[in-house]
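Architecture and fold: a report
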Amino acid sequence: MKIITELARDGNISVPNLSKKLGINTSVLYSRIKRLIKKKLIKKFTIVVDESLIGIGVRATMGINRDPKLKDQIHKSLMKTPEVIEISEVTGRFDILITLRATNLEELHTVAIEKIGKIEGIQNTETFVELQRTDKDSVYSITE
């Protein structure tokens, strides 16, 4: 769990530096990481992008209610929408929650009305514009 937590915090850390930090022999650590990848506990190593530097100024979450008969078609349409970065089927007052990103509020409005709102089977939506975001480091622990 310590390996996973440290890699989640900084996936770019070198194995020698991580081995010093955790007090584990480098070759042992390397084989443990390979085993975590093989067991699919680690799906991929990735980067975190400062979206503001590439022109993304707005993030939002949208709750969607849909016609259950068109579930697969709606999902495919949302997957083809470049501004949609995450889709979650949920319980509660919405059927789906999606995360969107856009350059500005005008573009977000266009995406909400012209792209998502016109997908066949979407009955209603509610959009929540992100005002501030605080990401928390992932910490994994063993529960017994």
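Residues numbered from 1 in each chain as written. Predicted model: local features only at pLDDT ≥ 70, side-chain atom pairs only at ≥ 80, totals over all residues. Heavy atoms only, no water.

1. Focus: the side chain of asparagine 65
Its place among the elements puts asparagine 65 in strand β1 (residues 58-66). Only 3.4 Å separates the side chain of asparagine 65 from the backbone nitrogen of aspartate 95, close enough to count as a polar contact. In this structure asparagine 65 touches Arg93, Phe94, Asp95, Gly121, Ile122, Gln123 and Asn124, once residues within four positions along its chain are discounted. (Helix = DSSP H or I, 4+ residues; strand = E, 2+ residues; numbered from the N terminus. Polar contact = N/O pair within 3.5 Å; in protein donor to acceptor, adjacent residues only side chain to side chain. Contact = heavy atoms within 4.5 Å.)

2. Some remarks on empty space enclosed by the protein
For the structure on display, the rule yields one cavity of 30 Å³ or more. Of the pockets and cavities examined, the largest cavity occupies roughly 30 Å³. Along the walls of the largest cavity sit Arg66, Lys71, His75, Ile87, Glu89 and Ile96, which together make up its complete lining. Of all the elements in the fold, those that place two or more residues in the lining of the largest cavity are α4 (71-79) and β2 (84-89). Residue composition of the lining of the largest cavity, by class: two nonpolar, one polar and three charged. (1 Å grid on protein atoms, 1.4 Å probe; cavity = no way out; pocket = protein on both sides within 12 Å on 5 of 7 lines; lining within 4 Å. Points joined across faces, edges and corners; volume = space filled by probe spheres on them. Nonpolar A, V, L, I, M, F, W, Y, C, P; charged D, E, K, R; others polar.)

3. Things to note about the packing of aromatic side chains
A ring pair, where both rings are aromatic, is described by two values, the distance of the centres and the angle of the planes. Applying the stated criterion to the full structure yields one aromatic pair. Each ring, one from phenylalanine 94 and one from phenylalanine 128, has its centre 6.4 Å from the other, and the planes form 80 degrees; the classification is edge-to-face. One end of the pair, phenylalanine 94, is in the loop between β2 and β3 (96-102); the other, phenylalanine 128, is in strand β4 (residues 122-129), and 34 residues separate them in sequence. (Phe/Tyr/Trp six-rings, centres within 6.5 Å; stacked < 30°, edge-to-face > 60°.)

4. Examining the sheet that holds β2
An order of β2-β3-β1-β4 is seen for the four strands of this open sheet, with the pairing classed as antiparallel. Looking at the sheet topology across the chains shown, the edges are occupied by β2 and β4. Each neighbouring strand pair of the sheet contributes to a mean axis angle of 20 degrees, computed without reference to strand direction. Relative to β4, β1 runs antiparallel, the two sharing seven bridges. The residue bridging isoleucine 64 from the neighbouring strand is threonine 125, located in β4. The strands that α4 touches are β1, β2, β3 and β4; relative to β2, the one it contacts most, it runs at about 155 degrees. (Pairing = 2+ DSSP bridges. Axes fitted to C-alpha atoms, helices over the stretch in contact; angles between N-to-C directions.)

5. Overview of a nonpolar patch on the surface
On the surface, a nonpolar cluster with roughly 460 Å² of combined accessible area is contributed by Ile47, Val49, Leu53 and Ile54. Structurally, leucine 53 can be placed in the loop between α3 (26-38) and β1. Look at leucine 53 and you get exposed, because its relative accessible area is 70%. (Patch = residues over 30% accessible without salt bridge, like charges linked within 9 Å, V, L, I, M, F, W, Y side chains within 5 Å. Areas by Shrake-Rupley, 256 points an atom, 1.4 Å probe, with all protein chains shown as cover. Salt bridge = Lys/Arg side-chain N within 4 Å of Asp/Glu carboxyl O. Buried < 20%, exposed > 50% of the residue type's maximum accessible area, 1.4 Å probe, protein only.)

6. Here's the deal with the side chain of arginine 59
Note on placement: arginine 59 falls in strand β1. Side-chain polar atoms of arginine 59 contact the side chain of glutamate 51, separated by 3.1 Å. With sequence-adjacent residues up to four places away left out, arginine 59 is seen in contact with Glu51, Ile85, Thr99, Leu100, Arg101, Phe128, Val129, Glu130 and Arg133.

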